[in-house]
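# Descriptive structure summary
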Amino acid sequence: MLNHDEIEKVAKQFGAHVHRRSSEVSKDSSTSLDAIVEFLQYHDEVDVVGNIQATSPCLHPTDLIKVAKMIREDGFDSVFSVVRRHQFRWSEIRKGVCEATKPQNLNPAKRPRRQDWDGELYENGSFYFARRSLIDKGYLQGGKMAYYEMRAEHSVDIDVDIDWPIAEQRVLRFGYFGKEALKEVKLLVCTIDGCLTTGHIYISEDGKEVLSYDVRDAVGINLLQKRGVEVRLISERHCSPKTLSAMKLGCRAEVGVANKLPVVEKWRTELNLCWKEVAYLGNEESDVECLKKAGMSAVPADSCPAAQKATSYICKCNGGRGAIREFAEHIFLLMEKVNSAGKKPR
């Protein structure tokens, strides 16, 4: 349920059916229950509602399947998500009041070690499932209730700005990436102008080109190469071979490329790779098709809107200002996830 054109477009691309909320239930004061009640007015065929929060990006479909079974087969009227916390609670003292605080869930004289304490269950807001009959009474929780305990690493809630970078890292390590197994990145293709460089070109009096790049990006390329990732450069512009050679990056480059996809396709075939093993860093409309094809893609923060819409990761750094190093770190996290999955016992 939503009321945003761009989100609706993306949702439909992934096969979702969309219900447009009315203005009456789209106010700042509207609750999730208001929108659910309106949704049910248009869908008589629905008997169980799963209210899944968009602010919980690490939620896995296996959890939702189990919860649906708890309602349909185990007879529960409502099921909600919780996470186990090992936190000591103390009574709050109002400002200006000179009172002593008191422990709520511990004896300070016998503080338990974490491993000796089961902890407590807290709602984490990831999802709320309920029967239609319960919602018709004005409740999302009620009747025969049950909680579903999520794994701590999957319990991510984006509430304030600082939660975003934390959530991004958690999703990389613990997120759901679909049924297809993740592949290790073997090739990174990077656009030269606007990614490796800022896109600025300096011309000397004798007509020679001068380009600048960030040392952090050179380090990022070197780290990728040391981990066995082939790094190649591509450009629409006819960059000077001498200029590229002077950068001493040790990367094969293809310049003067109007259509980049066939070139990347040729490289992929030469290296006997599938697209899932290819990473791509671009910044212009000419990069869009490659960004969409690559198993992992990114754009600098100052890339064009079309490129930003085509990628799964927008760097915080601008082109020529550390974007390659940032993307390299992003790739390392993914590869760590792949390697960790490969070590798990079958």
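Residues numbered from 1 in each chain as written. Predicted model: local features only at pLDDT ≥ 70, side-chain atom pairs only at ≥ 80, totals over all residues. Heavy atoms only, no water.

## Observations concerning the pattern of salt bridges
In plain terms, the rule: Any Lys or Arg side-chain nitrogen found within 4 Å of a carboxyl oxygen on Asp or Glu counts as a salt bridge. Starting at the N terminus, helices and strands are each numbered in turn, a helix being any DSSP run of H or I of at least four residues and a strand any DSSP run of E of at least two. Using a 1.4 Å probe on the protein chains alone, a residue whose accessible area is under 20% of its type maximum counts as buried, one over 50% counts as exposed, and one in between counts as partly exposed.
Per the stated rule, a full pass over the model turns up 22 salt bridges. Put simply, E270 and R232 hold a salt bridge, and the shortest N to O gap is 3.5 Å. Here E270 is found in helix α9 (residues 260-270), whereas its partner R232 is found in strand β8 (residues 230-234), with 38 residues between them in sequence. Among the residues examined, R232 registers a relative accessible area of 6% and is labelled buried. With its nearest N and O atoms 3.3 Å apart, the salt bridge here joins E270 to R252. In this pair, E270 is assigned in helix α9 and R252 in strand β9 (residues 252-254), connecting sequence segments 18 residues apart. Looking at E270, the relative accessible area reads 44%, which means it is partly exposed.

## Thoughts on the confidence of the model for the protein
Cut-off, in case you're wondering: You can read pLDDT as the predictor saying how much it trusts each residue, on a scale of 0 to 100.
For the protein, per-residue confidence averages 88 on the pLDDT scale, and 93% of positions sit at 70 or higher. Mean pLDDT across the elements of the protein ranges from a minimum in strand β7 (residues 209-210), with 69, to a maximum in strand β4 (residues 145-149), with 97.

## Here we look at the nonpolar core
This is how it is decided: Buried Ala, Val, Leu, Ile, Met, Phe, Trp, Tyr and Cys residues form a nonpolar core when they are joined through side-chain atoms within 4.5 Å.
If you look at the biggest cluster of nonpolar residues, it comprises 31 residues, and the most contacted ones within it are V185, L188, L196, L224, F327 and I331. Secondary structure elements with two or more residues in this core: β5 (187-191), α6 (192-196), α7 (215-226), β8, β10 (278-281), β11 (296-298) and α12 (323-343). The dominant element in this core, judged by the number of residues it contributes, is α12, at 8 residues. Of all hydrophobic cores here, the second largest spans 19 residues; its members include V257, V263, V264 and C304.

## Things to note about the packing of aromatic side chains
Here is the rule: Here a pair means two rings of Phe, Tyr or Trp (six-membered ring of Trp) with centres within 6.5 Å. Their orientation is stacked below 30 degrees between planes, edge-to-face above 60, and tilted elsewhere. In this scheme, the term charge over a ring applies when either NZ of a lysine or CZ of an arginine sits within 6 Å of the ring centre and within 35 degrees of the ring normal.
All chains considered together, the criterion is met by 3 aromatic pairs. Both rings, one in F127 and one in F129, keep their centres 5.7 Å apart while their planes meet at 90 degrees; by these two values the pair is edge-to-face. Both residues of the pair, F127 and F129, belong to the buried class. Considering the side-chain rings of F127 and Y148, the 6.1 Å spacing of their centres and the 50 degrees angle between planes classify their relative orientation as tilted. In this pair, F127 sits in strand β3 (residues 120-131) while Y148 sits in strand β4, placing the two residues 21 residues apart along the sequence. Judged by relative accessible area, which is 0%, F127 ranks as buried. Using a relative accessible area of 12% as the deciding quantity, one classes Y148 as buried. Among the aromatic residues, those joined into a cluster by ring pairs are F127, F129 and Y148. The ring of F76 carries K144 above its face, with NZ or CZ at 4.8 Å from the centroid. Just above the ring of F332 sits the side chain of R227; from NZ or CZ to the centre is 3.8 Å.

## Focus: the sheet that holds β11
Selection rule: Note: two strands are recorded as paired if DSSP finds a minimum of 2 bridges between them. To get an axis, a line is fitted to the C-alpha atoms, and for a helix only the part in contact is used. The angle between two axes follows their N-to-C directions and goes from 0 to 180 degrees.
Judged by pairing direction, the sheet is parallel, and its 5 strands sit side by side in the order β9-β8-β5-β10-β11 without closing on themselves. Two strands close off the open sheet at either side, each with one partner strand: β9 and β11. Along the sheet, successive strands turn relative to each other by an average axial angle of 20 degrees, direction set aside. Summarising the sheet, β10 and β11 pair through 3 bridges and their orientation is parallel.

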